[in-house]
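Examining the three-dimensional arrangement
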Amino acid sequence: MKVDLHIHTCASDGTWTPAEVVEEVRKNGIQLFAVTDHDTLDSIAETRLLIAETELFFLPGVEISSTYQGDLYHILAYGVDTNNPRLRELLDTNTRLMNKKDDESIRMLLEQGYKVDFEKYLQYEYDRRKGGWKALNYLVDTGVCKDTAEFFNSLFTELNNLSFPTFASPEEVFAIIEEAGGISVIAHPGLNLYGKYQPEELLRIFVQLGLQGVEAFHPQHDVKMSRICYEFAEKQGLQITSGSDCHGGFVPYRRLGLPATRLHQLKIDKILQKMDWEFLKKP
């Protein structure tokens, strides 16, 4: 069984609708998949309905923003109760913080002399199927920057006094995921998005805080990094997952189903126990 447990839709910063995700999953021969949008569950219900008459197996998920010692971390949550009040409150807060940061970014760039119009920005609406987020799309559409790379390398920088908001701590996020009946997994621990720590040190810290799993296989993990993550998780008795982190066309170098992994290569027994097997039972 081919598995991809890290996929984004246009409910966050991906370009595909749930229907397009399901079709692409089917075309690529993936049988077990998860939708894990950033800080939103908005595509889960529709995806559930779309797979009901198929041979696909779907795992509800979400990728939650968290802050530890000033740095941003992404924590995947699988098998959560999507109606859990504390989880919903956490996701709403994160979304509100990011929207506020979008507004602050445009104000700050205006103060720095960039050719932006804050009132026009407030009225601006973008096609969610373009991927990304409001501030990025506004700046691209107005010619201030050309793409995501330029946004982060030239605009959203400490020189412009811009940084990510302070989100809930990993310890709080892990506790909320557990309360919601889910399993917490650190996303792409080998990615240089994470600043202060080497992957093994980071994983040790997060396990002490309540982490339950590691995304060992990711398109931006090389073989060595995947081995480090896999062996650490195996020794600690953690869940071991894999995901493409596919955003459709928004991040073109992350392709659905890659790295190509099969169910037997992973350790997701506790995650699978969270699946609604009665709902997924096929005729």
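Residues numbered from 1 in each chain as written. Predicted model: local features only at pLDDT ≥ 70, side-chain atom pairs only at ≥ 80, totals over all residues. Heavy atoms only, no water.

Quick word on the nonpolar core
It is characteristic of soluble globular proteins that their nonpolar side chains tend to be buried jointly. One finds L5, V25, F33, I64, Y78, L87 and F206 to be the most contacted residues of the largest nonpolar core, which totals 62 residues. Apart from residues lying up to four places away in sequence, Y78 is in contact with L5, A34, T36, L59, P60, G61, G182, I183, V185, T241 and I271. Judged by nonpolar contacts, the second largest core, of 20 residues, contains V116, Y124, Y138 and L162. (Core = buried A, V, L, I, M, F, W, Y, C linked by side-chain atoms within 4.5 Å. Buried < 20%, exposed > 50% of the residue type's maximum accessible area, 1.4 Å probe, protein only. Contact = heavy atoms within 4.5 Å.)

Some thoughts on the pattern of salt bridges
One pass over the structure, following the stated rule, counts 7 salt bridges. For D141, the salt bridge is made with K130, and the minimal N-O distance between the two is 3.0 Å. Highlighted residues: D141 in helix α5 (residues 134–141) and K130 in the loop between α4 (118–123) and α5, separated in sequence by 11 residues. D245 is the salt-bridge partner of R254, the closest N and O atoms lying 2.7 Å from each other. The exposure class assigned to R254 is buried, which follows from its relative accessible area of 11%. (Salt bridge = Lys/Arg side-chain N within 4 Å of Asp/Glu carboxyl O. Helix = DSSP H or I, 4+ residues; strand = E, 2+ residues; numbered from the N terminus.)

Thoughts on the environment of D269
For D269, the position within the fold is in helix α10 (residues 269–272). We classify D269 as partly exposed; its relative accessible area is 38%. When the C-alpha positions of D269 and I240 are compared, they lie 9.4 Å apart, and in sequence the two are 29 residues distant.

So, unusual backbone geometry
A cis geometry characterises the amide bond from L258 onward to P259, with omega recorded as 5°. Looking at the element boundaries, P259 is found in the loop between β7 (239–242) and β8 (261–262). Despite not being glycine, D39 has its phi angle at roughly 55°, a positive value. In this fold, D39 is placed in the loop between β2 (30–35) and α2 (44–51). Taking the relative accessible area as the measure of exposure, D39 reaches 6% and is therefore buried. A positive phi angle, near 50°, is found at Q69, a position not held by glycine.

Comments concerning the packing of helix α3 (residues 85–111) against helix α7 (residues 170–179)
Put simply, α3 and α7 touch, their axes get as near as 8 Å, and they point 140° apart. With respect to α7, the element α3 is oriented oblique. The interaxial crossing formed by α3 with α7 has left-handed handedness. Two secondary-structure elements touch here, α3 through R86, L87 and L90 and α7 through V173, I176 and E179. Here the residues of the contact of α3 with α7 are counted per class, giving 4 nonpolar, no polar and 2 charged. (Axes fitted to C-alpha atoms, helices over the stretch in contact; angles between N-to-C directions. Parallel < 35°, antiparallel > 145°, perpendicular 65-115°, else oblique. Left-handed = near helix turned anticlockwise from the far one by under 90°. Nonpolar A, V, L, I, M, F, W, Y, C, P; charged D, E, K, R; others polar.)

Examining the sheet that holds β2
An order of β7-β6-β5-β4-β3-β2-β1-β8 is seen for the 8 strands of this open sheet, with the pairing classed as mixed. Across the chains shown, the open sheet's two edge strands, defined by having one partner strand only, are β7 and β8. Sheet topology places strand β3 (residues 57–68) next to strand β4 (residues 71–78); 8 bridges connect them, and they run antiparallel. Each residue of the ladder has a partner; that of Y68, found in β4, is D71. Each of β2 and β3 is contacted by α2, which is oriented at about 160° to β3, the strand it contacts most. Sheet strands in contact with helix α9 (residues 223–236) are β6 (213–217) and β7, and its direction is about 150° off that of β6. (Pairing = 2+ DSSP bridges.)

A word on the confidence of the model for the chain
Of the residues in the chain, 96% reach a pLDDT of 70 or more, and the chain-wide mean stands at 94. Considering only residues more than four positions removed or in separate chains, one finds that residues 278–283, a stretch of pLDDT under 50, has 11 contacts. (pLDDT = per-residue confidence, 0-100.)

A word on the packing of α3 against α5
As a packed pair, α3 and α5 sit with axes 8 Å apart at the nearest point and diverge in direction by 35°. On the side of α3, the interface is formed by D102, I106 and L109, while α5 contributes K134, A135, Y138 and L139. Of the residues contributing to the contact of α3 with α5, the split by class is 5 nonpolar, no polar and 2 charged.

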